[in-house]
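A look at the structure
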Amino acid sequence: MKKTDELYSGKAKTIYHTEDPNLLIMDFRDSLTAFDGEKKSEVPKKGYYNAQISKKLFELLEEKGIKTHYREMVAGNEMLVDTVSIILVEVIVRNIATGSMTRKYPFEEGTVLDEPVIVMDYKDDSRHDPMLNEDIAIALGLATREELAGIRQTALKINEILKAYLDERGLLLPDFKLEFGRRGTEVVLGDEISCDTCRLWDKETGDSLDKDVFRFDKGDLAAAYREVARRIVPEIFD
Ligand SMILES: Nc1ncnc2c1ncn2[C@@H]1O[C@H](COP(=O)(O)OP(=O)(O)OP(=O)(O)O)[C@@H](O)[C@H]1O
Ligand SMILES: [Mg+2]
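Here the structure is a predicted model, which means the values were calculated and not measured.

1. Re the packing of helix α1 (residues 46–63) against helix α6 (residues 221–232)
In the contact formed by α1 and α6, the axes pass within 10 Å of each other and the chain directions differ by 25 degrees. Taken as axis vectors, α1 and α6 run roughly parallel relative to one another. Between α1 and α6 lies a crossing whose hand is left-handed. Counting all contacts with α1, which are made through Lys 46, Tyr 49, Asn 50, Ile 53, Lys 56 and Leu 57, the residues of α6 involved are Leu 221, Ala 222, Tyr 225, Arg 226, Val 228, Ala 229 and Ile 232.

Quick look at the structure:
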């Protein structure tokens, strides 16, 4: 399957049409942004690592019965996906209090939450992704109450699968962001699951191995992403 014209260029990925209207190619670029695009950079191989990590995690989730937009890789950093209409809700799952959760609420940094906390934000950078509740999401026509309930259940199931998988590889999962979309009338997982969309801490040292390395100048981002890739997709280093 080949790329045709560009459909959309986001902060980190470029989406291309293909000759099949039901299929798109997602090009994972080396571009990096933080704070709604205020901070920008380019990191060689970052796109490749995120694409390969996303591939592996989408395959894992499909094996466990989670429907995703993932089809196959057409290049190291190019993923063939189903065309979906993205639901403009960023679904954030939190297991450990950190980042904006400790800035906005009286949670102690690093507190392990008794149970996962799901936060839904309106996907709109110009408004700085304001937090949603069900009634606002429904009033905005973003999704139905049934869809939101289904998305919540799926996000909790994904959390259990990813936590166990990453723990076996010496990684903690404080929080991550998911995007869902409609493939016809079916709601499936879209976008990516990578070091850009997850917080990942080394289980032994507590070191960040995710975009916080860039957000807060904590060191070598490429090395951090490579370390995660080495643990999740060791086969790409053979
Ligand atoms: N299967 C899919 N079909 C259609 N669009 C998708 C699919 N998966 C992801 N997308 C959208 O493609 C874009 C990917 O680009 P990227 O992640 O770089 O954008 P972004 O900067 O995070 O977000 P945005 O620019 O949308 O605020 C996002 O808008 C995402 O919602
Ligand atoms: Mg994105």
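2. A short note on the pattern of salt bridges
This structure, assessed with the given rule, holds 30 salt bridges. Taking the shortest distance from any N to any O, the salt bridge between Lys 177 and Glu 179 comes out at 2.6 Å. Taken individually, Lys 177 and Glu 179 each receive the classification buried, so the pair is uniform in this respect. Connected through salt bridges with shared partners, the residues Lys 13, Glu 90, Lys 123, Lys 177, Glu 179, Asp 191 and Glu 192 form a single ionic network.

3. What about the environment of Leu 80?
Of note, Leu 80 is situated in strand β7 (residues 78–82). For Leu 80, the residues in contact, after removing those within four places along its chain, are Met 1, Thr 18, Leu 23, Leu 24, Ile 25, His 69, Tyr 70, Arg 71, Glu 72 and Val 74.

4. Digging into the packing of aromatic side chains
Under the defined criterion, the tally for this structure stands at 4 aromatic pairs. Where Tyr 48 meets Tyr 49, the ring centres are 5.9 Å apart and the plane angle is 45 degrees; that geometry is what we call tilted. The exposure class assigned to Tyr 48 is partly exposed, which follows from its relative accessible area of 23%. A relative accessible area of 3% means that Tyr 49 is categorised as buried. A network of ring pairs unites the aromatic residues Tyr 48, Tyr 49 and Phe 237 as a single cluster. It is Lys 13 that lies over the ring of Phe 28; its NZ or CZ is 5.9 Å from the centre.

How each quantity is defined
- The written sequence of each chain sets the order in which its residues are numbered from 1.
- To read the labels, note that chains go from A and ligands from 1, taken in the order they are written.
- With pLDDT at 70 or above as the cut-off, local features in this predicted model cover only qualifying residues; side-chain atom pairs require 80 or more to be listed or tallied, and sums for whole chains, interfaces and linings still use all residues.
- Values shown for side chains rest on all heavy atoms present in the structure; no hydrogens or waters enter the calculation.
- A fitted line through C-alpha atoms represents every axis, and for helices the fit uses only the stretch in contact; the resulting angles, taken between N-to-C directions, go from 0 to 180 degrees.
- To qualify as a helix, a DSSP run of H or I must reach at least 4 residues; to qualify as a strand, a run of E must reach at least 2; elements of each kind are numbered from the N terminus.
- Geometric relationships in this document are graded by angle, where less than 35 degrees denotes roughly parallel, more than 145 denotes roughly antiparallel, 65 to 115 denotes roughly perpendicular, and other angles denote oblique.
- By convention, the crossing between two helices is left-handed when the near helix turns anticlockwise from the far helix through less than a right angle, and right-handed when the turn is clockwise.
- By definition, residues are in contact when any of their heavy atoms lie within 4.5 Å.
- Salt bridges are defined by distance alone: a side-chain nitrogen of Lys or Arg within 4 Å of a carboxyl oxygen of Asp or Glu.
- We call a residue buried when its accessible area falls under 20% of the maximum for its residue type, exposed when it is over 50%, and partly exposed in between, using a 1.4 Å probe and counting protein chains only.
- Between the rings of Phe, Tyr and Trp (Trp by its six-membered ring), a pair exists once the centres lie within 6.5 Å; its type follows the angle of the planes, with under 30 degrees stacked, over 60 edge-to-face, and the other angles tilted.
- Lysine NZ or arginine CZ positioned within 6 Å of the ring centre and within 35 degrees of the ring normal marks a charge as sitting over the ring.

Spatial relationships are all this shows, so hold off on functional conclusions.
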